[in-house]
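Fold and geometry: a report
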Amino acid sequence: MDLPPVIRVEGLTKVFATDEVETHALSEVSFEIPRGEYVSIAGPSGCGKSTLLSILGLLDTATAGRYELNTRDVTELTAAERAKVRNREIGFIFQSFNLIGDLTVFENVELPLTYRGMRPSERRERVKAVLDRVGMGHRAKHVPSQLSGGQQQRVAVARAIAGEPVLLLADEPTGNLDSKSGEQVMGLLHECYMNGATICMVTHDPRYARHAERHIYLFDGRIVPHLDMLEATDWPVSAPPGHGGDTAAWTS
């Protein structure tokens, strides 16, 4: 039996209005992400990628349209309800890491589990396991300033997966990293995907977009076919590994 999609959005629109002008960041965006799929959201700067990810992560709300997360309509949730769903069902990986500077690595990963009300013994076991998984168990007592950028992002990955979320959202996760560290972080995301995680990643870098199973392209706030994107960007035509040369199979 087919499982329902983790994400279903229909007609998603986001308008930023001032006294003088309205800016349509997203216009009638519709798509689904099945459970266990790895999707990249790609496109040029200013196309609406981060706006879309903020709405998917319940950090922002749409002006119009419908959003279902794990079969639940989350379009009209209150701020408190959105916060509860974020904590329990969504893991975030940000470009800027967003670690708390005066907390240790262990405490940074543990904090979201504390808000969930998890027992201390269970939290400790969970944090130790995920830090070992990302190769940062030996740095558990360090603070972020004592870590390299790549190490901080590995801690951020550990924090994102510690709560076993139904959805992992990654916003330019390699944007502040050198190429070697970027590949290491992408390797961790691939491992999460192989272990059954549903991943939605925003990236402007085609090298890392190829790690995803499927690609959604945005241009001026709308989903566009891959070949249309080629007129405005230098994205390569070649399909990602596992898809041969059939670009039509991975553009929607």
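Residues numbered from 1 in each chain as written. Predicted model: local features only at pLDDT ≥ 70, side-chain atom pairs only at ≥ 80, totals over all residues. Heavy atoms only, no water.

**Some thoughts on the sheet that holds strand E2 (residues 22–33)**
Within the open sheet, the four strands sit side by side as E2-E1-E4-E5. Their pairing is antiparallel. Sheet topology places E2 and strand E5 (72–73) at the edges, where each strand pairs with a single neighbour. Here strand E1 (residues 7–17) runs beside strand E4 (residues 64–69); their pairing, made up of five bridges, is antiparallel. The residue bridging arginine 8 from the neighbouring strand is glutamate 68, located in E4. (Pairing = 2+ DSSP bridges. Helix = DSSP H or I, 4+ residues; strand = E, 2+ residues; numbered from the N terminus.)

**Some remarks on the layout of surface pockets**
Volume-wise, the largest pocket comes out at about 500 Å³. Around the largest pocket, the lining is made up of 24 residues, and of these Asn87, Ile90, Phe92, Pro112 and Arg159 lie nearest the centre. Within the residue set of the lining of the largest pocket, elements represented by two or more residues are helix H2 (79–89), strand E6 (90–94), helix H3 (105–116) and helix H5 (149–162). By residue number, the principal contributor to the lining of the largest pocket is H3, which donates seven residues. Approximately 200 Å³ is the volume found for the second largest pocket. In terms of residue count, the dominant contributor to the lining of the second largest pocket is helix H4 (residues 120–133) (three residues). Per-class residue counts for the lining of the second largest pocket are nine nonpolar, three polar and three charged. (1 Å grid on protein atoms, 1.4 Å probe; cavity = no way out; pocket = protein on both sides within 12 Å on 5 of 7 lines; lining within 4 Å. Points joined across faces, edges and corners; volume = space filled by probe spheres on them. Nonpolar A, V, L, I, M, F, W, Y, C, P; charged D, E, K, R; others polar.)

**Points about the pairing of E4**
For E4 and E5, the ladder comprises two bridges, and the chain directions are antiparallel. Within the sheet, the bridge partner assigned to leucine 69 lies in E5 and is arginine 72. Counting the residues in the hairpin turn of E4 and E5 gives two residues, including asparagine 70, whose phi is positive at 55°.

**A look at the side chain of threonine 198**
Looking at where threonine 198 falls in the secondary structure, it is placed in the loop between helix H6 (179–194) and strand E8 (199–203). When its relative accessible area of 2% is taken as the criterion, threonine 198 is described as buried. At 2.7 Å, the side chain of threonine 198 forms a polar contact with the backbone nitrogen of glycine 36. Those residues in contact with threonine 198 that sit more than four places away from it in its chain are Val6, Ile33, Pro34, Arg35, Gly36, Glu37, Val166, Leu167 and Leu168. (Buried < 20%, exposed > 50% of the residue type's maximum accessible area, 1.4 Å probe, protein only. Polar contact = N/O pair within 3.5 Å; in protein donor to acceptor, adjacent residues only side chain to side chain. Contact = heavy atoms within 4.5 Å.)

**Things to note about the packing of H4 against H5**
Close contact between H4 and H5 brings their axes to 9 Å; oriented N to C, the two are set at 135°. Classed by the angle they form, the pair H4 and H5 counts as oblique. As for the relative orientation of H4 and H5, their crossing is right-handed in sense. Seen from H4, the contacting residues are Arg126, Val130, Leu131 and Arg133; seen from H5, they are Ala158, Ile161 and Ala162. The class makeup of the residues in the contact of H4 with H5 is five nonpolar, no polar and two charged. (Axes fitted to C-alpha atoms, helices over the stretch in contact; angles between N-to-C directions. Parallel < 35°, antiparallel > 145°, perpendicular 65-115°, else oblique. Left-handed = near helix turned anticlockwise from the far one by under 90°.)

**Some thoughts on the sheet that holds strand E3 (residues 38–42)**
To summarise the sheet geometry, strands pair through backbone hydrogen bonds and adopt either a parallel or an antiparallel arrangement. The strand order across the open sheet formed by six strands is E6-E7-E8-E3-E9-E10, and the pairing between neighbours is mixed. Each having just a single partner strand, E6 and strand E10 (222–224) make up the two edges of the open sheet. The average undirected angle you get between the axes of adjacent strands in this sheet is 25°. Here E3 pairs with strand E9 (residues 214–219) via four bridges, running parallel. What sits directly across from serine 40, in E9, is histidine 215. Most of the contacts of H2 go to E6, to which it runs at about 80°, and overall it touches E6 and strand E7 (167–171). Most of the contacts of H6 go to E8, to which it runs at about 155°, and overall it touches E3, E6, E7 and E8.

**What to know about the confidence of the model for the protein**
Here the protein shows a mean pLDDT of 88. Residues at 70 or above account for 89%. Mean pLDDT per element in the protein: helix H8 (residues 226–230) is the minimum at 51, and E4 is the maximum at 97. (pLDDT = per-residue confidence, 0-100.)

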